[in-house]
Amino acid sequence: MNNSISILTQTWDRALKKIDEQLGEKQVFDSFFSDSYIYDIKNNTIVVVVSSKLASTIIKAKYYDLVVGVVAEITGSNYGFEFVQESDLKSKDVEPSVLATPAQRSGQEYFASAKLNSELTFDNFVVGSFNREAAHAATIIASKPGKMFNPLFIYSESGLGKTHLMNAIGNHILKETNPNAKVLYINGNEFVETYVGFVRGDKDAQQLKDYFKTVDVLLFDDVQLLANKVKTEEMFFYVYQAMINNGKQIVITSDKQPNELSGLEDRLVTRFTQGLVVKIDEPDQNTCVNILRKKIEENGLDVNRFDENVLYFFADKFSKNVRELEGALNRLIFNVDMLNKVDKVTMDVAMDAVSSLASGKQFATQISEQKIINVVADYYNLVPSQLTGKVRTGQIALARHIAMYLIRNMLDVPLKKIGDMFGGKDHTTVMNGISKVDKELKTNESLKEAVAELQKRLKA
């Protein structure tokens, strides 16, 4: 075999494709094979670099014959194999005829560590009213890169799904739209660090510009990190303009909308608005619950093990940040499935698992607000979403007013905040609901008993 980088790369890429097909186990392939590459061929032995010691051990123990057979089928020759980690190479007495690093394998001279997360796809991105516009635009971009909405500019607070959407776009393009496209996903820091290293190395600026000519889709996360870096901005402006002019797709994310970005040149900011600018808001409670259900299923667990009150409590407590929401769920899953082996995840179990994620009085208050909603819903054989929703049937409306009454009187929560918890109702509507309960309590004995029982349960 000719030990050129291109031949080695083509051979191993073909081998990996066949290994993936014959394994039929995506998790195994992604864990042990996907990041591997040929380091050298010496004395009829192919040295393959894998991602970890575990990968090396597992491949040698369980899949060695599969690898040998696949490569023999492709090359017509019988090779032996050695599987090593990149960190082991320096200690080995090997003088490779070719060093094929991940950067060289993909033709990259820059951003060698840039990589899409294959787990972040449109299939596992939960869409709600808060992100529907951004999700719809992203799917259009992924289906027709460079044809519409160029650039697509997505902005939101941290942790609301921008990075997930970026990776979903890239993964869809490579899997469905154009497997041969060169998709580069980087963030602002990576661009700055690469450019600074480039300048310090006294390299010709044209080299970096030529590199970006090979990129078909640029996914640029956290563009605000370029602020006040004049020379880096100039390079990015050139890259941006060249790609747009050549019909290449650009997707940009930021924590602010373009006209609120400070420290960036006006000529750059104005170009961000020439395509489509979309915002991701904070998720509503029901969407957060759907996200939790999906994540529970993705972890191979039965959603029915989790009391619905737990899901609504998490959705209320952690709704401002999807990343934080998922982190809290992961902590809960670890606690109930790894540490304590709990069969049913109740509110008490959930409190123990996540109590350290928030502090003192604020955490207790937020628990109490949600607990009141949960307890009232349970008492009237409803689910929390019915209380906080818009349905106005008699029993639901009564239960909703009682919950508002208890939150106001037991926690002294402002009317506006109560309204926000119940679907954005204005303070007048909340005040009227509370007044109805207060008035009825003076004459309605059954209501008195119900409220007394609810207060008893809440204080237990």
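Up top you'll find the structure we're talking about.
For the structure given in this document, a descriptive report is provided here. None of these values were measured; they are calculated from a predicted model.

1. Remarks on the pattern of salt bridges
Next, step 1: Taken as a whole and assessed by the stated rule, the structure comprises 16 salt bridges.
Next, step 2: Residue lysine 18 pairs with glutamate 73 through a salt bridge whose shortest N-O separation is 3.6 Å. Taken as a pair, lysine 18 in helix α1 (residues 5–23) and glutamate 73 in helix α3 (residues 53–75) lie far apart in primary sequence, 55 residues in all.
Next, step 3: In this structure, lysine 248 engages aspartate 216 in a salt bridge whose closest nitrogen and oxygen atoms are separated by 3.9 Å. Separated by 32 residues along the polypeptide, lysine 248 in the loop between α9 (230–245) and β7 (249–254) and aspartate 216 in the loop between α8 (205–213) and β6 (217–221) bring together distant segments of the chain.
Next, step 4: Aspartate 216 sits in the partly exposed class, given a relative accessible area of 26%.
Next, step 5: Salt bridges sharing common partners tie together Lys295, Glu298 and Glu326.

2. As for the packing of helix α7 (residues 188–200) against α9
Next, step 1: Remark: α7 packs on α9, axes separated minimally by 10 Å, with the N-to-C direction vectors making an angle of 105 degrees. As judged from the angle between their axes, α7 and α9 are roughly perpendicular. Between α7 and α9, the contacting residues are Phe191, Val192 and Tyr195 on the first element and Lys231, Thr232, Met235 and Phe236 on the second.
Next, step 2: Grouping the constituent residues of the contact of α7 with α9 by class yields five nonpolar, one polar and one charged.

3. With respect to the packing of aromatic side chains
Next, step 1: Taken as a whole and assessed by the stated rule, the structure comprises 15 aromatic pairs.
Next, step 2: Judged by centre distance (6.0 Å) and plane angle (10 degrees), the rings of phenylalanine 81 and phenylalanine 83 are stacked. Taken individually, phenylalanine 81 and phenylalanine 83 each receive the classification buried, so the pair is uniform in this respect.
Next, step 3: Pairing phenylalanine 191 with phenylalanine 212 gives two aromatic rings, centres 6.1 Å apart and planes at 55 degrees, and the pair type is tilted. Placement of the pair is phenylalanine 191 in helix α7 and phenylalanine 212 in helix α8, with a sequence separation of 21 residues.
Next, step 4: A relative accessible area of 3% places phenylalanine 212 in the buried class.
Next, step 5: Note that lysine 209 overlies the ring of tyrosine 238, its terminal NZ or CZ placed 4.3 Å from the centroid.

4. A word on the sheet that holds β6
Next, step 1: Sheet architecture is open: five strands sit in the order β5-β6-β7-β4-β8, paired in parallel fashion. The sheet terminates laterally at β5 (183–187) and β8 (276–279), the two strands that pair on one side only. Averaged over all neighbouring strand pairs, the angle between strand axes comes to 15 degrees, with direction disregarded.
Next, step 2: The pairing of strand β4 (residues 152–155) with β7 spans four bridges and is parallel. By the bridge assignment for β7, phenylalanine 153 is matched with isoleucine 252.
Next, step 3: Against the sheet, helix α6 (residues 162–177) contacts β4, β5, β6 and β7, and its axis sits at roughly 165 degrees relative to β6.

5. Quick notes on the sheet that holds strand β1 (residues 37–42)
Adjacent strands of a sheet form backbone hydrogen bonds with each other and so pair up, either parallel or antiparallel.
Next, step 1: Here we have three strands laid out as an open sheet, ordered β1-β2-β3, and mixed in their pairing. At either end of the open sheet lies a strand with only one pairing partner, and these are β1 and β3 (80–85). Averaged over all pairs of adjacent strands, the angle between strand axes in this sheet comes to 25 degrees, irrespective of strand direction.
Next, step 2: Pairing between β1 and strand β2 (residues 45–50): five bridges, direction antiparallel. Note that in β2 the partner of isoleucine 41 across the bridge is isoleucine 46.
Next, step 3: Along the sheet, α3 makes contact with β2 and β3, crossing β3 at roughly 155 degrees.

6. Side note on the side chain of threonine 232
Next, step 1: Position of threonine 232 among the secondary structure elements: in helix α9.
Next, step 2: Not counting residues within four places of it along the chain, the set of residues in contact with threonine 232 comprises Phe191, Val192, Tyr195 and Leu226.

7. Looking at helix α12 (residues 308–317)
Next, step 1: Taking burial as the measure, the ten residues of α12 include seven buried ones, the bulk of the element.
Next, step 2: The complete set of buried residues in α12 reads Val310, Leu311, Tyr312, Phe313, Phe314, Ala315 and Lys317.

Calculation rules
- All residue numbers refer to positions counted from 1 along the written sequence of the respective chain.
- Given that this is a predicted model, residues contribute local features only at a pLDDT of at least 70 and side-chain atom pairs are listed and counted only at 80 or more, while totals for whole chains, interfaces and linings are drawn from all residues.
- Neither water nor hydrogens contribute to the side-chain values; these are computed over all heavy atoms in the structure.
- We define a salt bridge as a side-chain nitrogen of Lys or Arg found within 4 Å of a carboxyl oxygen belonging to Asp or Glu.
- Going along the chain from the N terminus, every DSSP run of H or I of four or more residues is numbered as a helix, and every run of E of two or more is numbered as a strand.
- Working definition: with a 1.4 Å probe on protein chains only, accessible area under 20% of the residue-type maximum means buried, over 50% means exposed, and in between means partly exposed.
- With axes taken as lines fitted to C-alpha atoms, and helix axes fitted only over the stretch in contact, angles between N-to-C directions fall between 0 and 180 degrees.
- Orientation is classified from the angle alone, with under 35 degrees giving roughly parallel, over 145 giving roughly antiparallel, 65 to 115 giving roughly perpendicular, and any other angle giving oblique.
- Contacts are assigned to residue pairs with any non-hydrogen atoms lying within 4.5 Å of each other.
- Just so you know the grouping, Ala, Val, Leu, Ile, Met, Phe, Trp, Tyr, Cys and Pro go in nonpolar, Asp, Glu, Lys and Arg go in charged, and all remaining residues, Gly too, go in polar.
- The aromatic pairing rule takes the rings of Phe, Tyr and Trp, using the six-membered ring of Trp, and pairs them if the centres are within 6.5 Å, calling planes under 30 degrees apart stacked, those over 60 edge-to-face and the rest tilted.
- Charge-over-ring placement is defined geometrically: NZ (Lys) or CZ (Arg) within 6 Å of the ring centre, and within 35 degrees of the ring normal.
- Strands were regarded as paired on the criterion that DSSP finds at least two bridges between them.

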